[in-house]
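Overview (structure and organization)
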Amino acid sequence: MSYIVSKYYDSLTEDNVKCLLCPHNCIIKNGNTGICGVRHNIDGSIYAENYGKVVAMNMDPVEKKPLYHYYPGHKIFSVGTDGCNLKCIFCQNYLISQSDYKSLQDVDFYSPQMLVDIALRQKDNIGIAYTYNEPFIWFEYVCDTAKIAKNYALKNVMVTNGYINSAPLNELLQYMDAFNVDLKSFNNNFYKRHTGATLEPVLNTIKSIHKSGKHLEITNLVVTNLNDNADEFRNMVKWICENTGSNTPLHISRYFPSYKYSAPPTSAETIIEFYHIACEYLDFVYTGNIYLDKGNDTYCPQCGKTLILRNGYNISLQNITNDGKCEFCGKQIVISE
Ligand code: SF4
């Protein structure tokens, strides 16, 4: 069943269309889908087969996205569908990300208003997070839902691989409040070989989000033997520092074997080494999927005092004023509320 005709495509011939939503710019023959498996050429128009098809909805701590500097300690209604425009061989969420539109045929449909109504009924909810799979390929549904959510003062959050063209990104930026972008590596060959994408568009997305003033955090999943080169990692954190500022929170995440990749989990030594490299350039560095003494809490980058303590998803704000300053030295900390 097809729902909404995409806005971002060109007709090439009577049968062939070119999707302009993400940098793959797939040329799709009549009856086929693009790489993401959810954008379908039917008689010369591209349909978003995933529109309104919600396969997962949960109330999650905002820290689970992960966002550590956005409404710390709050919960957010989190939703996702099937499909992804990247094909990471180590995908940690492949059961939904690597399914195509056929798996959505029996999934219940939720109109944008229905989804917002459910979000509004959740206790202590700050908004809607589009997450679990790649939300950019859910573009029309995310836009329509986020517009309505905004009218009810709900926040809109995206957890994304950042692989989108600039025109749709700019359209979406109007409605979004916060992003966590997965910067998978600083090596274009890594992107090409192990994800099927390229690095440059992801960097452009990160720069655009930063320029827009929307809240931005970045995640890097360190995968054993694929992107665990310390020099490359150093170049990545330098780039983050130079392009989005030293106060951009960075989450260094430990990989576990998944999907088509079975190398052992990232070693604790590698995560510790990368943590220290990142701390040379960035003020707020965190470690995920592993417990490290200093990898969870927020410290004042000026005086070193503890500002936010995180014990699992128990969050305790300490020594931080209502306007986000360190109570000891007055340093302004990036905390968006
Ligand atoms: S959104 Fe899907 S169909 Fe469109 S260019 Fe990207 S991968 Fe291809």
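These notes cover the structure that comes with them.

Criteria and thresholds
Residues numbered from 1 in each chain as written. Predicted model: local features only at pLDDT ≥ 70, side-chain atom pairs only at ≥ 80, totals over all residues. Heavy atoms only, no water. Phe/Tyr/Trp six-rings, centres within 6.5 Å; stacked < 30°, edge-to-face > 60°. Buried < 20%, exposed > 50% of the residue type's maximum accessible area, 1.4 Å probe, protein only. Lys NZ or Arg CZ within 6 Å of the ring centre and 35° of its normal. Disulfide = S-S within 2.5 Å. Near = heavy atom within 4 Å. 1 Å grid on protein atoms, 1.4 Å probe; cavity = no way out; pocket = protein on both sides within 12 Å on 5 of 7 lines; lining within 4 Å. Sits in = over half its atoms within 2 Å of the grid points. Nonpolar A, V, L, I, M, F, W, Y, C, P; charged D, E, K, R; others polar. Points joined across faces, edges and corners; volume = space filled by probe spheres on them. Helix = DSSP H or I, 4+ residues; strand = E, 2+ residues; numbered from the N terminus. Domains from an automatic or database assignment.

Time to look at the packing of aromatic side chains. All chains considered together, the criterion is met by 11 aromatic pairs. Judged by centre distance (5.7 Å) and plane angle (50°), the rings of Tyr 255 and Tyr 261 are tilted. In terms of burial, Tyr 255 and Tyr 261 fall into one category: buried. The ring centre of Phe 328 lies 4.6 Å from the NZ or CZ of Lys 305, which sits over that ring.

Attention now goes to the state of the cysteines. What the rule picks out here adds up to 0 disulfides. With no disulfide of its own, Cys 84 has Cys 88 as its nearest cysteine by sulfur position, at a separation of 6.4 Å. Residue classification places Cys 84 among the buried residues on the basis of a relative accessible area of 9%. Between Cys 241, a free cysteine, and Cys 279, which holds the nearest cysteine sulfur, the sulfur-to-sulfur gap is 12 Å. Note on Cys 241: relative accessible area 25%, which makes it partly exposed.

Okay, the site of the ligand next. Close contacts around the ligand come from 13 residues, with Cys 19, Cys 22, Asn 25, Cys 26 and Cys 36 the closest. Placement of the ligand is best described as lying within the largest cavity. Residues of the shell around the ligand, tallied by class, amount to 8 nonpolar, 4 polar and 1 charged.

Further remarks concern the layout of surface pockets. Of the volumes computed, that of the largest pocket is approximately 1100 Å³. Lining the largest pocket are 37 residues, and of these Lys 65, Pro 66, Gln 92, Val 159 and Asp 182 lie nearest its centre. Elements with a contribution of two residues or more to the lining of the largest pocket: strand E10 (155-160), strand E11 (178-182), strand E12 (215-222), strand E13 (250-254) and strand E14 (285-288). Top element by residues in the lining of the largest pocket is E11. It accounts for 3 residues. Considering only residue class, the lining of the largest pocket consists of 13 nonpolar, 17 polar and 7 charged. Quantified by volume, the second largest pocket comes out at close to 190 Å³. What lines the second largest pocket is a set of 14 residues, among which Tyr 275, Cys 279, Asp 283, Val 285 and Tyr 299 lie closest to the centre. Looking at the lining of the second largest pocket residue by residue, the classes come out as 9 nonpolar, 2 polar and 3 charged. Among the domains, domain 2 (56-296) and domain 3 (297-337) are the pair contributing at least three residues each to the lining of the second largest pocket.

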